[in-house]
Amino acid sequence: MFGKKKKSNYYFDSFGRIYKKAVECMDQTLDFLEHFDHEKLEENKEKIHKMEHEGDMLKHEVWEKLTTEFMTPIDREDIMELLVKIDDVIDAIEEVSLRLYIYDYKALPTDTVPFAKLAKECVDATQIVMDNFPDFMDKNVMAPLIGKVRELEEKGDEEFEKQMRRLYVETDTPKPEDGFKRHRGEAMYDMLEEITDRCKIAVSFVETIMYKNL
């Protein structure tokens, strides 16, 4: 006997569909960092902004549909809030390209790429949570997926702490240019940690929805 096939739901499907823009932004970000080119800072910023804008348009489509719905599969406010938290992940990723451009990075701080790879792992793990949202009431499915994101976010916290301490313990700043170098390092590590934090916040809200509806 075959199991019952889950019925597709527009809102549940939209979470994973919109979140894919976060994955696209992170893929572009990591690729740029791995092949860093100061001359392409603005080009990279524009590419990421285009993806972020596409995500905004998808989010507003869902919000427009919500205004016409009499009944929704979960609380209307929860749908809107989860969309905001997905958007926050995308915005956090876009911030990397924006600050690279504004601060005019000539080179990347130490261990930027390994930290960015960890952030990508966290972004990808969050995509799996969103793709499985139709099973949001099944703790056996969702708990380990959410737990994986939290585990990666904790690693992000540890990496942030390690790199920030290195900046202050190993770097003296007798010259102005050394101070600028430290500032760029702080900004980069802060941005990458923010990406992992936003992923954890998004999946924690999925968990909140789960417990509200059990």
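Residues take numbers from 1 onward in each chain, read along the sequence in its written order. Where totals are concerned, whole chains, interfaces and linings use all residues; where local detail is concerned, this predicted model gives features only for residues with pLDDT of at least 70, and gives and counts side-chain atom pairs only at 80 or more. For side-chain calculations, the full set of non-hydrogen atoms in the structure is used, while hydrogens and water are omitted.

Counting from the N terminus, the helices are DSSP H or I runs at least four residues long and the strands are E runs at least two residues long. Counting its regular elements, the chain contains six helices and zero strands. What you see in the chain, going N to C, is helices and strands ordered as α-α-α-α-α-α. Counting only C-alpha atoms and orienting by the principal axes, one finds that the chain spans roughly 70 × 30 × 30 Å. The cut-offs for exposure are 20% and 50% of the maximum accessible area for each residue type, with area from a 1.4 Å probe on protein chains only; residues under the lower value are buried, those over the upper are exposed, and the others partly exposed. By the burial criterion, 45% of the 214 residues in the chain qualify as buried. In what follows, residue pairs with any heavy atoms lying within 4.5 Å of each other are defined as contacts. Summarising the internal contacts of the chain: among those between residues at least 6 apart in sequence, 83% fall at separations of at least 24.

The relative placement of two aromatic rings is captured by the distance of their centres and the angle of their planes. Within 6.5 Å between ring centres, the rings of Phe, Tyr and Trp (the latter by its six-membered ring) count as paired, and their orientation is classed by plane angle as stacked under 30 degrees, edge-to-face over 60, tilted in between. Taken as a whole and judged by the stated rule, the model has eight aromatic pairs. The interplanar angle of 20 degrees and the centroid separation of 6.4 Å between the aromatic rings of F115 and Y189 together place this pair among those described as stacked. With a gap of 74 residues between them, F115 in helix α4 (residues 112–131) and Y189 in helix α6 (residues 176–213) connect regions that are remote in the sequence. Of the two residues, F115 and Y189, both sit in the buried class. Connected via pairs of aromatic rings, a cluster forms that spans F12, F15, F133 and F136.

Let us look at the pattern of salt bridges. By definition here, a salt bridge exists when the distance from a side-chain nitrogen of Lys or Arg to a carboxyl oxygen of Asp or Glu is within 4 Å. Across all of its chains, the model carries 24 salt bridges by this definition. One salt bridge connects R198 with E194, and the closest N-O pair in it is separated by 2.8 Å. Of this pair, R198 and E194 both sit in helix α6, four residues apart, which is roughly one turn of that helix. Taking relative accessible area as the criterion, R198 reaches 27% and is therefore assigned partly exposed.

Between α4 and helix α5 (residues 139–170), the least distance of the axes is 9 Å, while the angle of their chain directions is 165 degrees. In terms of orientation, α4 and α5 fall into the roughly antiparallel class. Seen from above, α4 lies across α5 with left-handed handedness. On α5, the residues touching F115, L118, E121, C122, A125, T126, I128 and V129 of α4 are M142, L145, I146, K148, V149, L152, E153, K155, G156, E159 and F160. Of the residues contributing to the contact of α4 with α5, the split by class is twelve nonpolar, two polar and five charged. Inter-axis angles, ranging from 0 to 180 degrees, are taken between N-to-C directions of lines fitted to C-alpha atoms, where helices are fitted over the stretch in contact. Under this scheme an angle from 65 to 115 degrees is roughly perpendicular, one under 35 degrees roughly parallel, and one over 145 degrees roughly antiparallel; angles in between are oblique. A clockwise turn of the near helix away from the far one marks a right-handed crossing, whereas an anticlockwise turn of less than a right angle marks a left-handed crossing. As a working rule, the residues Ala, Val, Leu, Ile, Met, Phe, Trp, Tyr, Cys and Pro are called nonpolar, Asp, Glu, Lys and Arg charged, and the rest polar, with Gly in that last group.

We now examine the confidence of the model for the chain. Predicted coordinates in areas of low pLDDT are best not read in detail. pLDDT measures how confident the predictor is about each residue, on a scale from 0 to 100. In this model, the chain carries an average pLDDT of 92, and 92% of its residues clear a pLDDT of 70 or more. Per-element averaging of pLDDT across the chain places α6 at the bottom with 91 and α4 at the top with 98. Between residues 1–5, whose pLDDT stays under 50, and residues either more than four places distant or in other chains, the model counts zero contacts.

Once that is clear, we can look at helix α3 (residues 76–102). An ideal rise of 1.5 Å per residue puts 39 Å on 27 residues; α3 measures up with 38 Å between its terminal C-alpha atoms. Just downstream of α3, D104 is the residue with a positive phi angle, here 55 degrees. To estimate the expected span of a helix, subtract one from its residue number and multiply by 1.5 Å.

Here we take up the environment of T208. Checked against the element boundaries, T208 lands in helix α6. The exposure class of T208 is partly exposed, given its relative accessible area of 39%. Taking the C-alpha atoms as reference points, T208 and F136, separated by 72 residues in sequence, lie 9.9 Å from one another.

This brings us to the environment of D75. Turning to its location among the elements, D75 is positioned in the loop between α2 (41–68) and α3. Residues D75 and N213 lie 138 residues apart in sequence; the distance between their C-alpha atoms is 9.6 Å. Contacts described as polar in this section are N or O atom pairs within 3.5 Å, which, within protein, must combine one atom able to donate a hydrogen with one able to accept it, while residues neighboring in sequence count only if both atoms come from side chains. A polar atom in the side chain of D75 sits 3.2 Å from the side chain of K212.

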